Amino acid sequence: MSENQNLLAEQRRTLILDEVRRRGGVRVNELTRRLGVSDMTVRRDLDALARQGVLEKVHGGAVPVVEASTHEPGFEAKSGLELTAKEDIARTAAELVPPGAAIALSGGTTTFALAHRLTDVPDLTVVTNSVRVADVFHAAQRSSGSRQGAATVVLTGGVRTPSDSLVGPVADQAIAALHFDLLFLGVHGISVEAGLSTPNLAEAETNRRLVQSARRVIVVADHTKWGTVGLSSFASLEQVDTLVTDSGLSAGARAEVSEHLRRLVVAGESEQSEEEPAAAADA
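Residues numbered from 1 in each chain as written. Predicted model: local features only at pLDDT ≥ 70, side-chain atom pairs only at ≥ 80, totals over all residues. Heavy atoms only, no water.

Chemist: Teacher, can you tell me more about the overall build of the chain here?
Modeler: Along the chain, the regular secondary structure elements total 11 helices and 15 strands. Counting across all 283 residues of the chain, residues that qualify as buried make up 49%. Partitioning the contacts of the chain with sequence separation of at least 6, the portion at a separation of at least 24 is 64%. Carbon and sulfur atoms make up 49% of the accessible area of the chain, which totals about 13000 Å². (Helix = DSSP H or I, 4+ residues; strand = E, 2+ residues; numbered from the N terminus. Buried < 20%, exposed > 50% of the residue type's maximum accessible area, 1.4 Å probe, protein only. Contact = heavy atoms within 4.5 Å. Areas by Shrake-Rupley, 256 points an atom, 1.4 Å probe, with all protein chains shown as cover.)

As structure tokens, this is what we get:
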């Protein structure tokens, strides 16, 4: 952890949360030394993280929140986490989308960030079960008028979840009748044993349909999702073509991912040579 007094609040809080998760708890006086900031600044950071529900304050420090596999945070709670990583992932994932493609975007804060990066890609057809993602494209169209090449957006319908995704039989039927070139999938958790998982049973089934309807599956997930397991698995790692993640993913996790996925893309880093043949095979 850096001892830079000029770290932005977001960067400090990301470092604090990573340390809490890695060590199982930290003390305030340790954080003040490692971050080079005041006791009051650290306590404000811990208060902010506690309000987001990602750690629990205890006397003199903080410990991780032990979440049930059925716990599903709302969109607003998740949107404030790992902002820089999500923007990096979105920027990198957007480079994988060619003009004129038929793509699908699942619900989630990372796909929401990606949607903002795709509004200028011409002639897209966008299928989504995310109210937030659909709103991004509709807002772009309203601001630019009847721009030639604006995306055609198909919103699936269904029952709204806490993360503002639409799920259930209506969404499942709509998705089953469609076929798209690329699926960009946000996930609650990803691991070797459980694959891709979510705490919401209905969302698991809808995500399963999305995977089945896609020619290529691209997971967009920051490093904190690795090792998290939700109540219901909906896809194995072998069903994923590409994982786009951030540089916070550990070396051990990268090795595990590379054993099961065709392609690993780390935002801001060059791809390793041994991944290039797999990438070419996907083309």
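More follows now that the structure is in view.
Chemist: Help me out: how do you make sense of helix H5 (residues 83-94) in this one?
Modeler: Working note: α-helix, 3.6 residues per turn, so residues spaced by three or four point in the same direction. Here H5 spans 16 Å end to end across 12 residues, near enough to the 16 Å set by a 1.5 Å rise per residue. All of the buried residues along H5 are Ala85, Lys86, Ile89, Ala90, Thr92, Ala93 and Ala94. (Expected span 1.5 Å × (residues − 1).)

Chemist: I tried to follow the confidence of the model for the chain on my own but got confused; where do I start?
Modeler: The predicted coordinates of low-pLDDT regions are not to be read in fine detail. Looking at the chain, the pLDDT average stands at 85 and 86% of residues meet or exceed 70. Considering each helix and strand of the chain separately, the mean pLDDT is smallest for helix H11 (residues 276-282), with a value of 40, and largest for strand E4 (residues 102-105), with 98. Note on residues 1-6: pLDDT is under 50 here. Beyond four places in sequence and across chains, it has 18 contacts. Segment residues 68-72 is flagged for pLDDT under 50; beyond a separation of four residues in sequence, or across chains, it makes 14 contacts in the model. (pLDDT = per-residue confidence, 0-100.)

Chemist: Please explain the pattern of salt bridges as it appears in this structure.
Modeler: Note on pairing: side chains with opposite charge can pair once their charged atoms come close. In this structure the tally under the stated criterion is 13 salt bridges. For the salt bridge of Arg160 with Asp164, the shortest nitrogen-to-oxygen distance reads 3.1 Å. Across the pair Arg254 and Glu269 runs a salt bridge whose closest N-O atoms are separated by 2.8 Å. Note that Arg254 is positioned in helix H10 (residues 251-260) and Glu269 in the loop between strand E15 (263-266) and H11, a separation of 15 residues in sequence. When its relative accessible area of 33% is taken as the criterion, Glu269 is described as partly exposed. Beyond isolated ion pairs, a larger network of salt bridges with shared partners links Arg12, Arg13 and Asp45. (Salt bridge = Lys/Arg side-chain N within 4 Å of Asp/Glu carboxyl O.)

Chemist: Before we go on, may I ask you to explain the sheet that holds strand E10 (residues 189-191) in this structure?
Modeler: The pairing of strands in a sheet comes from backbone hydrogen bonds and takes either a parallel or an antiparallel form. The strand order across the open sheet formed by three strands is E10-E11-E13, and the pairing between neighbours is antiparallel. Lying at the two open borders of the sheet, with one neighbouring strand each, are E10 and strand E13 (232-235). Neighbour-to-neighbour, the strand axes of this sheet turn through a mean angle of 35°, independent of strand direction. Pairing analysis gives three bridges linking E10 to strand E11 (residues 195-198), with the strands arranged antiparallel. Bridge assignment links Ser191 to a residue of E11, and that residue is Gly195. (Pairing = 2+ DSSP bridges. Axes fitted to C-alpha atoms, helices over the stretch in contact; angles between N-to-C directions.)

Chemist: Help me understand the packing of helix H6 (residues 109-118) against helix H7 (residues 131-144), please; the structure alone is not making it clear to me.
Modeler: Each packed pair of helices is defined by two parameters, the angle between the axes and the distance between the axes. Running from N to C, H6 and H7 point in directions that differ by 15°, and their axes come no closer than 9 Å. Considering the angle they form, H6 stands roughly parallel to H7. Two packed elements cross with a definite hand, and for H6 against H7 that hand is right-handed. Between H6 and H7, the contacting residues are Thr111, Phe112, Ala115, His116 and Leu118 on the first element and Arg132, Val133, Val136 and Phe137 on the second. (Parallel < 35°, antiparallel > 145°, perpendicular 65-115°, else oblique. Left-handed = near helix turned anticlockwise from the far one by under 90°.)

Chemist: I keep staring at the packing of helix H2 (residues 28-35) against helix H3 (residues 39-51) and nothing clicks. Help me out?
Modeler: Two elements in contact, H2 and H3, have axes separated by 9 Å at closest approach and are oriented at 110°. With respect to each other, H2 and H3 are oriented roughly perpendicular. H2 and H3 meet at a crossing whose hand is right-handed. Across from Val28, Leu31 and Thr32 in H2, the residues of H3 making contact are Asp39, Val42, Arg43 and Leu46.

Chemist: Mind showing me how you'd approach the environment of Leu231 here?
Modeler: One can find Leu231 in the loop between strand E12 (214-220) and E13. Residues Leu231 and Thr198, 33 residues apart in the sequence, show an inter-C-alpha distance of 6.0 Å.

Chemist: How should I be thinking about the side chain of Ser130 in this particular structure?
Modeler: When you line up the elements, Ser130 lands in the loop between strand E5 (125-128) and H7. Leaving out residues up to four positions away in the same chain, Ser130 has contacts with Ser106, Gly107, Leu155, Asp164 and Ser165.

Chemist: What's the story with the sheet that holds strand E6 (residues 152-155) in this structure? I'm lost.
Modeler: Strand order in the open sheet formed by seven strands is E6-E5-E4-E9-E12-E14-E15, and the pairing between neighbours is parallel. At either end of the open sheet lies a strand with only one pairing partner, and these are E6 and E15. This sheet shows a mean twist of 20° between the axes of neighbouring strands, independent of strand direction. One ladder, built from three bridges, connects E4 with strand E9 (residues 180-185); its direction is parallel. In the sheet register, Leu105 faces E9, and the bridge partner there is Phe184. Contacting E9, E12, strand E14 (242-245) and E15, H5 runs over the sheet at an angle of about 140° to E14.

Chemist: Please clarify how the pairing of E15 should be interpreted in this entry.
Modeler: Moving residue by residue along a regular strand, the side chains alternate between the two faces of the sheet. Neither face of E15 is exposed, since Arg263 and Val265 on one face and Leu264 and Val266 on the opposite face are all buried. Bridge count between E14 and E15: four bridges; the pairing is parallel. Bridge pairing in E15 places Leu243 opposite Leu264. In this fold, E14 hands off to H10, which returns the chain to E15; that crossover is right-handed. (Right-handed = clockwise from strand over helix to strand, strands pointing away.)

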